[in-house]
Amino acid sequence: MSQRIIEVVDYRQQWREDFVREKQLISSVLTTANINAIHHIGSTSVEGLCAKPIIDILLEVKSLDVLDDQSEEMVSLGYVVKGEFGIQGRRYFQKGGIQRTHQVHAFLANSPEATRHLAFRDYLRAFPDVALKYGEIKRAGAAICNHDIDVYIDYKNSFIQEYEAKAVRWQSELTNRIR
């Protein structure tokens, strides 16, 4: 069995196009009435940020049951259906085999998990100095993890937890100012 390679690469403009293409594919096979939104999230969605070359997609749906009933449609696009995969209320799909190319994280629309992912993305976009720091941590984690994804994730975890919390507060303050 081949081992997954954990690699962090410089930002690629292609990632935006890869997301748009995948969004169109997903939209073409799932029930449109159940889709609230499809977002590009993760490091590949932050211009200039280095990343593992995997397109992370947040699918906000009105019903997880309806999405579950359409698992075969996701399979038809090359995704492996992983269920909750450790996060309650999530449906997770992977594409690309061991060197995956896409990951879809599906949550109910406006759920705390969806809000958290979007806030973190938007925070990194709004604060390039934080994104730069995150990039440095990602590169260091990839360098020391010996291609062990758990080591890589653990290395980044405290940074992510700290800045996700800041991002959610920041997003909430922005939303309250607009109202």
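Being a predicted model, the structure only gives us computed values, none of them experimental. (Residues numbered from 1 in each chain as written. Predicted model: local features only at pLDDT ≥ 70, side-chain atom pairs only at ≥ 80, totals over all residues. Heavy atoms only, no water.)

Engineer: Is there a simple way to explain the side chain of K52 in this structure?
Structural biologist: Checked against the element boundaries, K52 lands in the loop between β1 (35-41) and β2 (55-61). Not counting chain neighbours up to four residues away, the residues in contact with K52 comprise R4, I6, E7, V8, T44, K138, I149 and Y152. (Helix = DSSP H or I, 4+ residues; strand = E, 2+ residues; numbered from the N terminus. Contact = heavy atoms within 4.5 Å.)

Engineer: Got a minute to help me understand helix α1 (residues 14-29) in this structure?
Structural biologist: Structural remark: α-helix, 3.6 residues per turn; residues separated by three or four positions point the same way. Along its 16 residues, α1 runs 23 Å from first to last C-alpha, staying within 8% of the 22 Å computed at 1.5 Å per residue. Among the residues of α1, those classed as buried are W15, D18, F19, E22 and I26. Burial along α1 is one-sided: seen end-on, the buried residues are contained in an arc of 100°. Along α1, exposed side chains directed more than 90 degrees from the buried face belong to Q24 and S28. In this structure, the buried side of α1 is in contact with β1, β2, α3 (71-76), β3 (79-81), β4 (91-95) and β5 (102-108). (Expected span 1.5 Å × (residues − 1). Buried < 20%, exposed > 50% of the residue type's maximum accessible area, 1.4 Å probe, protein only. Arc of directions from axis to C-beta.)

Engineer: Is there a simple way to explain the pattern of salt bridges in this structure?
Structural biologist: Tallying each qualifying case throughout the model produces 10 salt bridges. Across the salt bridge formed by R16 and E47, the nearest N and O atoms sit 3.0 Å from each other. One end of the pair, R16, is in helix α1; the other, E47, is in the loop between β1 and β2, and 31 residues separate them in sequence. Of the residues examined, E47 reaches a relative accessible area of 55% and is grouped as exposed. (Salt bridge = Lys/Arg side-chain N within 4 Å of Asp/Glu carboxyl O.)

Engineer: I keep staring at the sheet that holds β2 and nothing clicks. Help me out?
Structural biologist: Two orientations exist for strands paired in a sheet by backbone hydrogen bonds: parallel and antiparallel. What the 5 strands build is an open sheet, ordered β1-β2-β5-β4-β3; its pairing is mixed. Either end of the sheet is taken by a strand with one partner, and the two such strands are β1 and β3. Taken pair by pair, the neighbouring strands of this sheet meet at an average axis angle of 20°, ignoring direction. Contacts from α1 reach β1, β2, β3, β4 and β5, with the element oriented near 160° to β1. (Pairing = 2+ DSSP bridges. Axes fitted to C-alpha atoms, helices over the stretch in contact; angles between N-to-C directions.)

What is shown is where atoms sit, not what they do.
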